[in-house]
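# Tertiary structure, described
Read off the chains here:
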Amino acid sequence: MSAVLSLQSLTKNFDTTVAVRDVSLEVNAGQVVGFLGPNGAGKTTTLRLALGLLRPTAGTATVLGHPAGSDAARAATAYVPGDVTMWPQLTGEETINFLLTLHGTKNDTYRDELIERFELNPRKRLRAYSKGNRQKVALVAAFATQAPLLLLDEPTSGLDPLMDLVFRQCVEEAAQRGQAVFLSSHILSEVDQLCSDVAMIRGGRLVSVAKISELRDRIGTEFDVFGSSLSFADVEGVTIVSSLSGGLRVKVAGDLTAFFASLSRQGVTGLTSRESSLEEIFLAHYGETPA
């Protein structure tokens, strides 16, 4: 599958500081990829390299095969930052229309639909908007372009829960249209719901690029097993988490076949399961334990 966004061995140095080191990943049409990492990990720098706002020290960033920052790449990209700063004297409608004109896009029907869905008053000037409403302006303009690539850097900052739901619906619709979405977010539930794949970065290096389902398999599934004289000492992939009243809590990584075979040989009276959350996966990759 041809990548919409392709980052190959991307590196960016600021004097003696290495902000991004040897980052390689691809985002394909119809794919929503989450981009996770602690503050200062290199997420925003990576996105600015993908936009062509920064020039890489080494490596390449392309959009539909065009170098990042080129006219063709910019025409194929829509971007929403986490802190929107715009022209205070313009109204919301004037700002949206100006951004769409700069992008070379005109779809008044879809623009108006988005304004209504995000409950934005387009006639107010930006100086009178709250942070959340400024964020809505940027989101409406970005989604209205229907650009092949959406780069979203903490895009729901300042939105209330109802508008966050509208945002999630718009991302899902964009993916269904075949747009590629690269989403940087600290809201793990948002990434868990929207993304099939995640890229995790720390200290400027990617520590993982994988499907969320694959990461869950690596971390494992927790089971509460109830019964008498339970033992999993010789069962591959099974770790005892804690004792329960009348049973054990265990975590099973990888293939569950051996675990279930062992259950059939024991006096099991009850069994419940729980998948690892994205928060647990994230913390496991950073060597920490959820509280």
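Here the structure is shown first, and the text comes after it.
Everything in this summary refers to the structure shown in the same document. (Residues numbered from 1 in each chain as written. Predicted model: local features only at pLDDT ≥ 70, side-chain atom pairs only at ≥ 80, totals over all residues. Heavy atoms only, no water.)

### Some remarks on the sheet that holds strand S14 (residues 267-275)
Where we set the bar: DSSP-based pairing: two strands are paired if at least 2 bridges between them are found. Strands are runs of DSSP state E lasting at least two residues, helices are runs of H or I lasting at least four, and both sets are numbered from the N terminus onward. All axes are obtained by fitting lines to C-alpha atoms, using only the stretch in contact for helices, and the reported angles, taken between N-to-C directions, cover 0 to 180 degrees.
If you walk across this open sheet you meet the 4 strands as S12-S13-S11-S14, and the pairing is antiparallel. Both outer strands of the open sheet, strand S12 (238-244) and S14, are each paired with one neighbouring strand and no more. The mean angle between the axes of side-by-side strands here comes to 25 degrees, regardless of whether they run parallel or antiparallel. Here strand S11 (residues 221-228) runs beside S14; their pairing, made up of 8 bridges, is antiparallel. Opposite Phe-223, over in S14, you have Ser-273 as the bridge partner.

### A word on the packing of helix H4 (residues 108-117) against helix H6 (residues 161-176)
Stated formally: In what follows, roughly perpendicular refers to angles from 65 to 115 degrees, roughly parallel to angles under 35, roughly antiparallel to angles over 145, and oblique to any angle outside these ranges. Contacts were defined at the residue level, with two residues in contact if any of their heavy atoms lie within 4.5 Å.
The N-to-C vectors of H4 and H6 enclose an angle of 150 degrees; their axes lie 10 Å apart at closest approach. In terms of their interaxial angle, H4 and H6 are classed as roughly antiparallel. Touching Tyr-110, Leu-114 and Arg-117 of H4 are Met-163, Val-166, Gln-169, Cys-170 and Glu-173, all from H6.

### Brief notes about the side chain of Gln-31
Definition in use: Accessibility here uses a 1.4 Å probe with only protein chains present; expressed as a share of the type maximum, an area under 20% marks a residue as buried, one over 50% as exposed, and anything in between as partly exposed. Polar contact is defined as a pair of N or O atoms within 3.5 Å, subject to the rule that within protein one atom must be able to donate a hydrogen and the other to accept it, and that residues adjacent in sequence are counted only when both atoms are side-chain atoms.
Note that Gln-31 resides in the loop between strand S2 (17-28) and strand S3 (32-36). What makes Gln-31 buried here is its relative accessible area of 16%. A polar atom in the side chain of Gln-31 sits 3.2 Å from the side chain of Asp-197. Once you skip the residues sitting within four places of it in the chain, Gln-31 turns out to touch Glu-26, Gln-179, Ala-180, Val-181, Ser-196 and Asp-197.

### So, the nonpolar core
The following threshold applies: Residue types Ala, Val, Leu, Ile, Met, Phe, Trp, Tyr and Cys, when buried and joined through side-chain atoms within 4.5 Å, form a set referred to as a nonpolar core.
In terms of nonpolar packing, the biggest core is built from 50 residues, with Phe-118, Phe-143 and Phe-167 touching the most fellow members. For this core, the leading source of residues is helix H5 (residues 131-145), giving 8 residues. Not counting the four nearest positions on each side in its chain, Phe-143 is found in contact with Tyr-110, Leu-114, Phe-118, Leu-150, Phe-167, Cys-170 and Val-171. Val-4, Leu-7, Val-27 and Leu-49 belong to the second largest nonpolar core, which has 25 residues in total.

### Points about helix H9 (residues 257-264)
Heads up, the rule is: Each C-beta atom gives one direction from the helix axis, and the arc is the one those directions make.
Of all the residues in H9, the buried ones are Phe-259, Ser-262 and Leu-263. The buried residues of H9 occupy an angular sector of 105 degrees when projected down its axis, which confines them to one face. More than 90 degrees from the buried face of H9, the exposed residues found are Thr-257 and Ser-264. On the buried face of H9, the contacting elements are S11, S12, strand S13 (247-252) and S14.

### Concerning the packing of aromatic side chains
Short version of the rule: Only the six-membered ring of Trp is used, alongside the rings of Phe and Tyr, when aromatic pairs are assigned; centres must lie within 6.5 Å, and planes under 30 degrees apart are stacked while those over 60 apart are edge-to-face, with the rest tilted. Only Lys NZ and Arg CZ are tested; either one counts as a charge over a ring when it is within 6 Å of the ring centre and within 35 degrees of the ring normal.
Counting across every chain of the model gives 7 aromatic pairs. Ring plane angle 85 degrees and centroid distance 5.9 Å describe the contact between Phe-223 and Phe-260, whose orientation is recorded as edge-to-face. Of the two residues, Phe-223 sits in strand S11 while Phe-260 sits in helix H9, which places them 37 residues apart along the sequence. Overall, the relative accessible area of 5% leaves Phe-223 in the buried class. Measuring from centroid to centroid gives 5.7 Å for Phe-232 and Phe-259, while their planes differ by 35 degrees, and the two rings are tilted. With a gap of 27 residues between them, Phe-232 in the loop between S11 and S12 and Phe-259 in helix H9 connect regions that are remote in the sequence. Across this residue pair, the class does not change: Phe-232 and Phe-259 are buried. Following the ring pairs from residue to residue traces out a cluster consisting of Phe-223, Phe-232, Phe-259 and Phe-260. Directly above the aromatic system of Phe-14 lies the positively charged group of Lys-12, at a separation of 5.3 Å from the ring centroid.

### As for the sheet that holds strand S7 (residues 149-153)
The mixed open sheet is built from 6 strands, whose spatial order is S6-S7-S8-S3-S9-S10. A strand with exactly one partner marks an edge of an open sheet, and here the two such strands are strand S6 (77-80) and strand S10 (205-211). Neighbouring strand axes in the sheet, compared pairwise and without regard to direction, differ in orientation by 15 degrees on average. Contacts from helix H1 (residues 43-51) reach S3, S6, S7, strand S8 (180-184) and strand S9 (197-202), with the element oriented near 150 degrees to S7.

### Describing the state of the cysteines
Quick reminder of the rule: For the purposes of this analysis, a disulfide is any pair of cysteine sulfur atoms at a distance within 2.5 Å.
Scanning the entire structure with this criterion turns up 0 disulfides. The closest cysteine sulfur to the non-disulfide-bonded Cys-170 is located on Cys-195, 15 Å from its own sulfur. The class of Cys-170 is buried, set by a relative accessible area of 0%. Relative accessible area serves as the criterion here: at 7%, Cys-195 is assigned to the buried category.

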